[in-house]
Amino acid sequence: MTGFFNGTATAMITPFTKDGSVDFAAFGKMIDYQIENGTDVLVILGTTGEPATMSEAEKEEVMRFSVEKVAKRAKIVFGSGSNSTAHAVEASKKAEAFGADGLLVVTPYYNKCTQNGIYEYYKAISEAVDIPIICYNVPPRTGVNILPATMERIASLKNIAGVKEACGNMEQICETARRIRGKCDLYSGDDNLNLPILAIGGAGLISVASNIIPKETKELYNFVKAGDLKSANEIQDKMLPLIDAMFMEVNPIPAKAAAEMIGLGGGAPRAPLTELEPAHKEQMRKILSDFGLNVIA
């Protein structure tokens, strides 16, 4: 299927209080900030949201809060992937029941299944739910790569809306785009490659940096889709130092620190992730300030 969404999505961080619980006041503020700045889709409980360190009860509470807070002002996509097909199926059914507009389903991680295993994983989830599914290909984290021929096969499943590509290999991404064109959509999952992926026909992007700069991220999308590549390159050039800063340490450590610095209340990541190193904090403050953001912490 095509057309689930065209535009920008933010891979939302989950803010935590000092005692480690979910900071719903800060999370609500973040949701409003995204919607007010033009974000089309909120991706919640994806990798950036740290679901691996959250209990099932916490994830349910986040889903319930998100649906009520967003109140149909934007689409909501919940992360529901797992290294266990059975668990991914149950998580996907639960997300659908809580009111998700769609699902972001990362490939099975750690187990390193075959390409046929990847296909069977998505087939099982597709058969279990009726809402759109975006596959998530991020081999550096999972150890598994959805090859173009496999993604073409997956695209034939009834409710596969697209693939979030974060493999980092533009040659592979171009081949995937060729094979799935007209069957399902391609989404950028790598902020550094947003512009080229959009330029080869990507329907949108799912961004970490847009936690901090949602307005500029949407402007980049709009410029590319309007065919104004000069303006798109100019804004991408401006964004790149900040994008790079989002990955100076493992995601979402820098994004949470940046959110805290600009007053969104990112909070600290959960162990085993640690807070941004002091030297990196100074770099981050300078990059945010140079970009024109008001650094208050």
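Further up the page is the structure itself.
The structure reproduced in this document is the subject of the present report.

### Comments concerning the pattern of salt bridges
- Across all of its chains, the model carries 19 salt bridges by this definition.
- Where glutamate 58 meets arginine 270, a salt bridge forms, and the shortest distance between an N and an O atom there is 2.6 Å. Of this pair, glutamate 58 sits in helix H2 (residues 56–70) while arginine 270 sits in the loop between helix H11 (253–261) and helix H12 (278–291), and the two are 212 residues apart along the sequence. Comparing glutamate 58 with arginine 270, the two get one shared label, buried.
- Here glutamate 282 makes a salt bridge to arginine 285, at a shortest N to O gap of 2.6 Å. With glutamate 282 and arginine 285 both in helix H12 and three residues apart, the pair spans about one turn of that helix.
- A residue is classified by how much of its surface remains accessible, and arginine 285, at 27% relative accessible area, is partly exposed.
- Here the salt bridges do not stand alone but share partners, grouping Glu152, Glu175, Arg178, Arg179 and Lys183 into one network.

### Some thoughts on the sheet that holds strand E7 (residues 185–188)
- Spatially, the eight strands close up into a barrel ordered E1-E2-E3-E4-E5-E6-E7-E8, and their pairing is parallel. Here the average twist between neighbouring strands, direction ignored, is 25 degrees.
- As paired strands, strand E6 (residues 160–165) and E7 are joined by four bridges and run parallel to one another. Across the sheet, valine 163 pairs through a bridge with leucine 186, a residue of E7.
- Contacts from helix H4 (residues 115–128) reach strand E4 (102–106) and strand E5 (133–137) within the one sheet, and its direction differs from that of E4 by about 160 degrees.
- Seen against the sheet, helix H7 (residues 170–180) touches E5, E6 and E7 and runs at an angle of roughly 170 degrees to E6.

### Some details on empty space enclosed by the protein
- Enumeration according to the criterion identifies two cavities of 30 Å³ or more in this entry.
- Each pocket or cavity is described by its volume, and for the largest cavity that value is around 50 Å³.
- Looking at the lining of the largest cavity element by element, the count peaks at three residues for helix H1 (residues 24–36).
- Looking at side-chain class alone, the lining of the largest cavity contains seven nonpolar, two polar and no charged residues.

### As for the pairing of E7
- Judged by which residues are buried, E7 turns out to be covered on both faces: Asp185 and Tyr187 on one side and Leu186 and Ser188 on the other are all buried.
- Regarding the hand of the β-α-β motif, the stretch spanning E6, H7 and E7 is right-handed.
- Regarding the hand of the β-α-β motif, the stretch spanning E7, helix H8 (residues 194–199) and strand E8 (residues 204–207) is right-handed.

### Notes on the nonpolar core
- With 97 residues, the main nonpolar core has Ile44, Tyr122, Met151, Ile154, Ile212 and Leu288 as its most contacted residues.
- If we ignore the near neighbours within four places in the chain, the residues touching tyrosine 122 are Val105, Val106, Thr107, Cys135, Tyr136, Ile146, Ile154 and Leu157.

### Topic: the environment of alanine 166
- You can see alanine 166 is positioned in the loop between E6 and H7.
- With a relative accessible area of 12%, alanine 166 lands in the buried category.
- Sequence separation of alanine 166 and tyrosine 136 is 30 residues, and the distance between their C-alpha atoms is 7.7 Å.
- Residues within four places of alanine 166 in sequence aside, it is in contact with Tyr136, Asn137, Val138, Pro139, Pro140 and Gly189.

### A short note on the packing of aromatic side chains
- Considering all chains together, one arrives at five aromatic pairs under this definition.
- Ring geometry for tyrosine 121 and tyrosine 122: centres 5.0 Å apart, planes at 80 degrees, overall edge-to-face. Like tyrosine 121, the residue tyrosine 122 is buried in the burial classification.
- Members of the aromatic cluster, each reached through a chain of ring pairs, are Phe4, Phe5 and Tyr187.
- If you follow lysine 164 out to its NZ or CZ, it ends over the ring of tyrosine 136, 3.9 Å from the centre.
- Here lysine 238 stacks its cationic end above the ring of phenylalanine 291, 4.6 Å away from the centre of that ring.

### Concerning the packing of H11 against H12
- Interhelical geometry of H11 versus H12 gives an angle of 60 degrees and a closest axis separation of 10 Å. In terms of axis orientation, H11 runs oblique to H12. In this structure, H11 meets H12 at a crossing whose hand is right-handed. Side by side, H11 and H12 meet where Pro254, Ala258 and Met261 of the first sit next to Lys281, Met284, Arg285 and Leu288 of the second.

Rules behind the numbers
Residues numbered from 1 in each chain as written. Predicted model: local features only at pLDDT ≥ 70, side-chain atom pairs only at ≥ 80, totals over all residues. Heavy atoms only, no water. Salt bridge = Lys/Arg side-chain N within 4 Å of Asp/Glu carboxyl O. Helix = DSSP H or I, 4+ residues; strand = E, 2+ residues; numbered from the N terminus. Buried < 20%, exposed > 50% of the residue type's maximum accessible area, 1.4 Å probe, protein only. Pairing = 2+ DSSP bridges. Axes fitted to C-alpha atoms, helices over the stretch in contact; angles between N-to-C directions. Contact = heavy atoms within 4.5 Å. 1 Å grid on protein atoms, 1.4 Å probe; cavity = no way out; pocket = protein on both sides within 12 Å on 5 of 7 lines; lining within 4 Å. Points joined across faces, edges and corners; volume = space filled by probe spheres on them. Nonpolar A, V, L, I, M, F, W, Y, C, P; charged D, E, K, R; others polar. Right-handed = clockwise from strand over helix to strand, strands pointing away. Core = buried A, V, L, I, M, F, W, Y, C linked by side-chain atoms within 4.5 Å. Phe/Tyr/Trp six-rings, centres within 6.5 Å; stacked < 30°, edge-to-face > 60°. Lys NZ or Arg CZ within 6 Å of the ring centre and 35° of its normal. Parallel < 35°, antiparallel > 145°, perpendicular 65-115°, else oblique. Left-handed = near helix turned anticlockwise from the far one by under 90°.

Any functional reading would require information beyond the geometric quantities listed.
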